[in-house]
Amino acid sequence: MQTSTIKFDRYQHSSEDECQERILAAKEKLGSDLVILGHHYQQESVYKHADFTGDSLKLSRYASEAKARYIVFLGVHFMAEVADILSRDDQIAILPDLSAGCSMADMANLAKVERSYRELSKVLDFDNVITPLTYINSAADLKAFCGEHGGIVCTSTNAPKMLEWSFSRRDKVLFFPDQNLGRWSGYKMGIPLDQMPVWDPDQPMGGLTEDQVKNAKILLWKGHCAVHQMFREQNIKQFRQAHPDGLVISHPESPFEVCLNSDYVGSTEYILKTVSDAKKGTRWLVGTELNLVNRLAEKMKSEDKTVQFMSHVICECSTMARIDPQHLAWTLENLAEGKVVNQIKVPIKEAELARLALTRMLEAS
Ligand code: 13P
Ligand code: SF4
């Protein structure tokens, strides 16, 4: 007889220690039926249970190569969607807490992108002059839009390469939803700032004149990450004054001036690798999410490296933090009983088109 799923209420007040034990027991029971993928911004209490960790690009590849029946994602909604899109039909992608979204991804939606694309096609007089390029931090229907309109997806690792891919096909790019990643990547390719105006989807014609649109190479969607937006050039200046030999590394979702004044800019995986590979005794200022920085700081102590967070304000990704031991224990114990909770399933047609855009990216990276 089919019994119903175990309700989350039972776990809500469970202690962390109890949840840790239950997670380990359920993992053991599930064996090779389960793979847990964890993003670097996850809190340590769940991150330590990941079989594989990485940035968005690395985790997409793991998802596409996973053998296990259940792919449990310790991350945010768009990441679990990508896991569903890139995995086999008989695999199940799961997000332990459905409220773990990405506020930046929510800054673009299909209705606004479609309207923007229509408006742009009119000013530019002919179709197919713009490639839609979406950051992987976006909903599946936007990836599908890119798949359908000759566009592509990028991550923080490969954004300049995906821009090159786009320019080799069409003159212009509509880049969404993160203006900071788009601007930094375009700048690295040598595109002047005045050819990368901000496109405000809530204003007619993006708030731009016809000439600005015609002159643009990249139209930067008016979106940003609230966590990385907190970092300031001033933080870097103060650090350099106090530690002239110190090194600065930032994520490309940070404001342009922060990237410009950093010694290194790259994805979460790149940040971890660069600091880990650096010489003993070096001192670092790191501009990315707090959980990653705290974990890195702890790990580097044994090599006498100092890792300092870029802001005085706590910049934690509150939605990433929704995945806690309680939700993970609940998810895994249900799976161990053969019951699936919080499955992320992208509709078939949408998944096909989104897969097209993601596959273009994986092949071009
Ligand atoms: P990475 O792909 O560099 O891990 O970035 C994902 C993200 O959401 C950063 O805010
Ligand atoms: Fe989204 Fe920013 Fe959180 Fe990354 S850190 S998941 S971009 S809100």
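Since this is a predicted model, take the numbers as computed values, not measurements. (Residues numbered from 1 in each chain as written. Chains lettered and ligands numbered in written order. Predicted model: local features only at pLDDT ≥ 70, side-chain atom pairs only at ≥ 80, totals over all residues. Heavy atoms only, no water.)

## Quick notes on the overall build of the protein
Move 1: When you go through the protein residue by residue, the secondary structure sums to 16 helices and 13 strands.
Move 2: Taken over C-alpha atoms, the radius of gyration comes to 21 Å for the protein, in line with the 21 Å a tight globule of 365 residues would show.
Move 3: Along the longest, intermediate and shortest principal axes, the C-alpha atoms of the protein span 65 × 55 × 35 Å.
Move 4: Within the protein, the proportion of its 365 residues that are buried is 57%.
Move 5: Partitioning the contacts of the protein with sequence separation of at least 6, the portion at a separation of at least 24 is 68%. (Helix = DSSP H or I, 4+ residues; strand = E, 2+ residues; numbered from the N terminus. Rg over C-alpha atoms; globule rule 2.2 N^0.38 Å. Buried < 20%, exposed > 50% of the residue type's maximum accessible area, 1.4 Å probe, protein only. Contact = heavy atoms within 4.5 Å.)

## Comments concerning the site of ligand 1
Move 1: Every residue lining ligand 1 is accounted for by His-39, Tyr-41, Asp-55, Ser-56, Tyr-135, Asn-137, Ser-156, His-228, His-251, Glu-253, Ser-267 and Thr-268.
Move 2: Between ligand 1 and Asn-137, the relevant distance is 3.1 Å, taken from an oxygen atom to a side-chain nitrogen or oxygen of the residue.
Move 3: Contact distances for ligand 1 include 2.6 Å between an oxygen atom and a side-chain N or O atom of Thr-268.
Move 4: For ligand 1, the protein covers 96% of the area, taking 300 Å² as the surface of the free molecule.
Move 5: Per-class residue counts for the shell around ligand 1 are 2 nonpolar, 8 polar and 2 charged. (Near = heavy atom within 4 Å. Polar contact = N/O pair within 3.5 Å; in protein donor to acceptor, adjacent residues only side chain to side chain. Areas by Shrake-Rupley, 256 points an atom, 1.4 Å probe, with all protein chains shown as cover. Nonpolar A, V, L, I, M, F, W, Y, C, P; charged D, E, K, R; others polar.)

## Some words on the sheet that holds strand S10 (residues 247-250)
Move 1: Reading across the sheet, the 4 strands line up as S11-S10-S12-S13 and stay open at both edges, with parallel pairing between neighbours. Because the sheet does not close on itself, it has two edges, and the strands there are strand S11 (264-265) and strand S13 (306-309).
Move 2: In the sheet, S10 pairs with strand S12 (residues 283-287) via 4 bridges, with the strands oriented parallel. Following the sheet pairing, Val-248 is matched in S12 by Leu-285.
Move 3: In the packing of helix H13 (residues 268-277) onto the sheet, contacts are made with S10, S11, S12 and S13, and the angle to S10 comes to roughly 160°. (Pairing = 2+ DSSP bridges. Axes fitted to C-alpha atoms, helices over the stretch in contact; angles between N-to-C directions.)

## Quick word on unusual backbone geometry
Move 1: Here the bond from Phe-176 into Pro-177 is cis, since omega is -10°, no more than 30 degrees from zero.
Move 2: As for its placement among the helices and strands, Pro-177 is situated in the loop between strand S7 (172-176) and helix H9 (179-188).
Move 3: The phi angle at Asn-342 is positive, at roughly 55°, despite the residue not being glycine.
Move 4: Take Asn-342: it is sitting in the loop between helix H15 (325-336) and helix H16 (348-364).
Move 5: Since its relative accessible area comes to 16%, Asn-342 is described here as buried.

## Observations regarding the pattern of salt bridges
Move 1: Scanning the entire structure with this criterion turns up 17 salt bridges.
Move 2: Here Glu-337 makes a salt bridge to Lys-29, at a shortest N to O gap of 3.9 Å. Residue Glu-337 is located in the loop between H15 and H16, and its partner Lys-29 is located in helix H2 (residues 16-30); the two are separated by 308 residues in the primary sequence.
Move 3: When its relative accessible area of 58% is taken as the criterion, Lys-29 is described as exposed.
Move 4: Ionic pairing is found between Arg-295 and Glu-44, a salt bridge with its closest N-O pair at 2.5 Å. With Arg-295 in helix H14 (residues 290-300) and Glu-44 in helix H3 (residues 44-47), this residue pair connects regions lying 251 residues apart in the sequence.
Move 5: What makes Glu-44 partly exposed here is its relative accessible area of 39%.
Move 6: Each of Glu-18, Arg-22 and Glu-333 takes part in a single network of salt bridges with overlapping partners. (Salt bridge = Lys/Arg side-chain N within 4 Å of Asp/Glu carboxyl O.)

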